[in-house]
Amino acid sequence: MGFSDGDAKKGAGLFKTRCAQCHTLGKGEANKIGPNLHGLFGRKSGQVEGFSYTDANKEKGVEWQEDTLFDYLENPKKYIPGTKMAFGGLKKPKERNDLITFLRESTK
């Protein structure tokens, strides 16, 4: 089972409660504890200017797309061992689909 389009409105709520404390979305917005996510889709891991990534994140070399985010967001520390992202993941596929659908629209 992989990514399928979800509910962007529900994804926005998930972002607000689970992600916004560490990540910004808009072009030119500052990095926080985590990197700014503008331009996320099609970017390789560990590439945001001015953000201090772990070597594990830089060396993973994954390109962020719907399918890679779907796998990553289930369990970030399993997908990139050594990441400093202190997020346990979203276990429910529907929640990951909703969040990714929202991110796809809001990071352009």
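You'll find the protein entered in an unreviewed UniProt entry as Cytochrome c, with Pseudovirgaria hyperparasitica given as the organism. The heading Subcellular location (unreviewed entry) in the UniProt record of the protein holds the text "Mitochondrion intermembrane space". UniProt annotates the protein under Function (unreviewed entry) with the comment "Electron carrier protein. The oxidized form of the cytochrome c heme group can accept an electron from the heme group of the cytochrome c1 subunit of cytochrome reductase. Cytochrome c then transfers this electron to the cytochrome oxidase complex, the final protein carrier in the mitochondrial electron-transport chain."

This part takes up the pattern of salt bridges. Under the criterion given, the structure shown has 5 salt bridges. Close ionic contact of Arg96 with Glu74 constitutes a salt bridge, the shortest N to O distance being 3.9 Å. Residue Arg96 is located in helix H5 (residues 93-106), and its partner Glu74 is located in the loop between helix H3 (66-72) and helix H4 (76-79); the two are separated by 22 residues in the primary sequence. Since its relative accessible area comes to 36%, Glu74 is described here as partly exposed. In this structure, Asp98 engages Lys94 in a salt bridge whose closest nitrogen and oxygen atoms are separated by 2.8 Å. Within this pair, Asp98 and its partner Lys94 are both found in helix H5, separated by 4 residues, close to a single helical turn. Exposure remark for Asp98: the relative accessible area of 4% places this residue in the buried category. Its relative accessible area of 45% is what places Lys94 among the partly exposed residues. Each of Asp5, Glu66 and Arg104 takes part in salt bridges that share partners, so that together they form one network.

A separate point is H5. Its 14 residues place the ends of H5 20 Å apart at the C-alpha level, agreeing with the 20 Å of an ideal helix rising 1.5 Å per residue. Burial in H5 covers these residues: Arg96, Asn97, Asp98, Leu99, Ile100, Thr101, Phe102 and Leu103. In the core, the buried residues of H5 are packed alongside helix H1 (8-18) and H3.

A few words on the UniProt feature "domain: Cytochrome c" (unreviewed entry) in the protein. The sites that UniProt annotates as "domain: Cytochrome c" (unreviewed entry) are residues 6-107. This span, residues 6-107, is 41% helix and 0% strand, and a straight line between its end C-alpha atoms measures 16 Å.

Turning our eyes to something else, we now look at the packing of aromatic side chains. Scanning the model with the defined rule gives 5 aromatic pairs in all. Here the aromatic rings of Phe51 and Tyr53 are separated by 4.8 Å at their centres, their planes lie at 70°, and the arrangement is edge-to-face. With respect to burial, Phe51 and Tyr53 carry one shared label: buried. Taken together, a centroid distance of 4.8 Å and an interplanar angle of 50° make the contact between Trp64 and Tyr72 tilted. Using a relative accessible area of 6% as the deciding quantity, one classes Trp64 as buried. Relative accessible area serves as the criterion here: at 7%, Tyr72 is assigned to the buried category. Joined through ring pairs, the aromatic side chains of Trp64, Tyr72 and Tyr79 make up one cluster. Over the aromatic face of Tyr79 sits the side chain of Lys60, whose NZ or CZ is 4.4 Å from the ring centroid. The ring of Phe70 has Arg96 sitting right over it, with the charged end atom 4.1 Å from the ring centre.

Conventions adopted
Residues numbered from 1 in each chain as written. Predicted model: local features only at pLDDT ≥ 70, side-chain atom pairs only at ≥ 80, totals over all residues. Heavy atoms only, no water. UniProt positions renumbered as here; feature names shortened; annotations may be inferred. Salt bridge = Lys/Arg side-chain N within 4 Å of Asp/Glu carboxyl O. Helix = DSSP H or I, 4+ residues; strand = E, 2+ residues; numbered from the N terminus. Buried < 20%, exposed > 50% of the residue type's maximum accessible area, 1.4 Å probe, protein only. Expected span 1.5 Å × (residues − 1). Contact = heavy atoms within 4.5 Å. Phe/Tyr/Trp six-rings, centres within 6.5 Å; stacked < 30°, edge-to-face > 60°. Lys NZ or Arg CZ within 6 Å of the ring centre and 35° of its normal.

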